[in-house]
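The chain contents come next:
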Amino acid sequence: MPFINSITPIFYRLVKYINASGIAALLATVGVIGFSSASLASDAPAIAAAANIKFAVDEIATRFQQQTGLELRISYGSSGNFITQIQHGAPFEMMLSADEGYIDKLHQAGFTQDEGIVYAIGRLALAAPKASPLILDPELVGLRQLIDDGKLSRFAIANPDHAPYGVSAREVLKAKGLWDALQPMLILGENAGQATQFTISGSTQGGIVPLSLVLTPEFAKRGNYVIIPDVLFQPLNQLMALMPQASETAVRFYQYMQSNEARQVLTQFGFNLPKPVVKQGD
């Protein structure tokens, strides 16, 4: 990581001199950012998005592009890693974070236009492959039993060091008195998406992952889940913010993320919603 951090500013200065097709190849090679959704048109704004919102934002971005004809470049990963990249010069114009703290950190350092806005409230699920011996229940009684029986060997969560959903998973496990017992068995995903992959791959008996990533037909074919009560962890208020250099397209997508249509998609993927922002004079 020290090496990557040291070369990141140089890397992003070099990116400015590479054409759009070259950017995709270079980013994939270095592994700093992967554009997993949308066009690489040179005028399409680069947007950083937390891994837990991939399916919802893919759908929202598709609708936005169909309605406006404007293209986006969306990269998914851990919020903590995006913070480091932005602070080292990554040319993102907008960030959709998995919690409040990271956007606040960027704002305090002058990397955002303002304090941002809550666009969704995340939820957690206890999930497992269909063949897992883990009995799923909201209070994690089955998980405790599997641990006590010595039948749990691997359990996945996102890395709490830089993934907010990992922090929340840790809160749940601590609330249920399971955190210490699970330490030798934990498999940490680089982000929420990777933790979900570990959970459903069969390499673990289960995991605590974003509800938004298990509400898909693909997951239903391979695994099961139960929703974890929100009272077991601090609210996952997910903030988004524009960067000072945000283009008109980025601003329009930021506004679209607050529309009723986008909010409806978010609810379909298991998110709770904040109250709509009431503008002065409304």
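Structure's up top.
Below or above, wherever it landed, is the structure these notes cover. Remember, it's a predicted structure, so these values are computed and weren't measured experimentally.

Moving on to the packing of helix α4 (residues 79-87) against helix α5 (residues 100-108). At a minimum axis separation of 10 Å, α4 and α5 run at an interaxial angle of 10°. By the criterion of interaxial angle, the relationship of α4 to α5 is roughly parallel. Residues S79, G80, I83, I86 and Q87 of α4 pack against Y102, K105 and L106 of α5. Of the residues that constitute the contact of α4 with α5, the class distribution is four nonpolar, three polar and one charged.

By the definition in use, this model includes four salt bridges. Between K54 and D58 there is a salt bridge whose closest N-O contact spans 2.9 Å. Of the two residues, K54 and D58 are both situated in helix α3 (residues 54-68); the distance of four residues between them amounts to about one turn of the helix. On the basis of relative accessibility, which here comes to 25%, the residue K54 falls in the partly exposed class. What emerges from the salt-bridge pattern is a single network uniting E59, R63 and E261.

Enumeration according to the criterion identifies four aromatic pairs in this entry. Each ring, one from F64 and one from F253, has its centre 5.2 Å from the other, and the planes form 70°; the classification is edge-to-face. Of this pair, F64 sits in helix α3 while F253 sits in helix α11 (residues 248-256), and the two are 189 residues apart along the sequence. What makes F64 buried here is its relative accessible area of 2%. Considering the side-chain rings of F82 and F92, the 5.5 Å spacing of their centres and the 80° angle between planes classify their relative orientation as edge-to-face. Here F92 lies in the loop between α4 and β4 (94-96) and F82 lies in helix α4, a separation of ten residues in the sequence. No difference in accessibility class separates F82 from F92, as the two residues are buried. Through successive ring pairs, a cluster of aromatic residues spans F64, F253 and Y256.

Rules behind the numbers
- Residues numbered from 1 in each chain as written.
- Predicted model: local features only at pLDDT ≥ 70, side-chain atom pairs only at ≥ 80, totals over all residues.
- Heavy atoms only, no water.
- Axes fitted to C-alpha atoms, helices over the stretch in contact; angles between N-to-C directions.
- Helix = DSSP H or I, 4+ residues; strand = E, 2+ residues; numbered from the N terminus.
- Parallel < 35°, antiparallel > 145°, perpendicular 65-115°, else oblique.
- Contact = heavy atoms within 4.5 Å.
- Nonpolar A, V, L, I, M, F, W, Y, C, P; charged D, E, K, R; others polar.
- Salt bridge = Lys/Arg side-chain N within 4 Å of Asp/Glu carboxyl O.
- Buried < 20%, exposed > 50% of the residue type's maximum accessible area, 1.4 Å probe, protein only.
- Phe/Tyr/Trp six-rings, centres within 6.5 Å; stacked < 30°, edge-to-face > 60°.

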